[in-house]
Amino acid sequence: MSEAADIVADPAKQENVTRILDCAERLFRHYGYGKTNVADIARELGMSPANIYRFFASKVEIHQAVCGRMLGASYKMAYEIMHLPISAEERLRRYIHAQYKMTLEVMLDQEKVHEMVIVALERDWSVIDKHVNSIHDLYAEVIREGIEAGEFRQQDPETASRCFGAATVILCHPQMVAQCLAKTNRAMPDELIDYAIRALK
């Protein structure tokens, strides 16, 4: 059994992992990722750094796990919206609007959270790619249903999902959102979403 599987199988270990991640996320949000180290997390929890290293090999590994939880919450939101009993077009529209709102409120309004996300993106972690792939799978499922319902023209759902994601990434990627907020020569969110959806019809 792998160490990760062993932790999941042991409730006591899982509780410690959750406590460490909760504390790390709180400190990352308050002080910033760059200014927080493993010793700070251990001190806050009243344990030794060595005890932290029993569960995570490094601060980077803790950061990956924290980001994984954040992406998990984002995916949960996407899944719920994509399975609403409404048209395929409206599901896609609602999700992009919701993700854009989340990016603005959570990742940009809270500067320290933004820092965590930027570090993860710059390091090109596999957890980011897995999340993107999962979102594309949801897009493909909704687009396929839209084709079957006659909302969208006949096309390959997988290809269409990647193109739709690429066309709207500027509303979901923290760095792109931050850079475009101050620009006056960029398409507005509704304009971009309308354009991406029209391409499916």
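Heads up: the structure comes first, above all this text.
All of these numbers come straight from a predicted model, not from anything done at the bench.

**Student:** Pulling in residues and values, what's your account of the overall build of the protein chain?
**Tutor:** Each helix and strand in the protein chain was counted, giving eleven helices and zero strands. Counting helices and strands in the order they occur from the N terminus, the protein chain gives α-α-α-α-α-α-α-α-α-α-α. For the protein chain, the residues scored as buried account for 42% of the 201 residues in total. Intrachain contacts of the protein chain at a sequence separation of at least 6 include 66% that bridge at least 24 residues. Here the protein chain has roughly 11000 Å² of accessible surface; of this, 53% comes from carbon and sulfur atoms.

**Student:** Describe the packing of aromatic side chains, naming the residues involved and giving the relevant values.
**Tutor:** A complete count under the given rule lists four aromatic pairs for this structure. Here Tyr75 and Tyr79 contribute two aromatic rings whose centre-to-centre distance is 6.2 Å and whose plane-to-plane angle is 40 degrees, an arrangement assigned as tilted. Within this pair, Tyr75 and its partner Tyr79 are both found in helix H5 (residues 59-82), separated by four residues, close to a single helical turn. Ring geometry for Tyr95 versus Tyr139: centroids 6.0 Å apart, planes at 65 degrees, classification edge-to-face. Here Tyr139 lies in helix H8 (residues 126-148) and Tyr95 lies in helix H6 (residues 88-108), a separation of 44 residues in the sequence. Owing to a relative accessible area of 3%, Tyr95 belongs among the buried residues under this scheme. Under the relative-accessibility criterion, Tyr139 is labelled buried at 3%. Over the ring of Tyr33 we find Lys59; its NZ or CZ atom is 4.1 Å from the centre of that ring.

Conventions used here
Residues numbered from 1 in each chain as written. Predicted model: local features only at pLDDT ≥ 70, side-chain atom pairs only at ≥ 80, totals over all residues. Heavy atoms only, no water. Helix = DSSP H or I, 4+ residues; strand = E, 2+ residues; numbered from the N terminus. Buried < 20%, exposed > 50% of the residue type's maximum accessible area, 1.4 Å probe, protein only. Contact = heavy atoms within 4.5 Å. Areas by Shrake-Rupley, 256 points an atom, 1.4 Å probe, with all protein chains shown as cover. Phe/Tyr/Trp six-rings, centres within 6.5 Å; stacked < 30°, edge-to-face > 60°. Lys NZ or Arg CZ within 6 Å of the ring centre and 35° of its normal.

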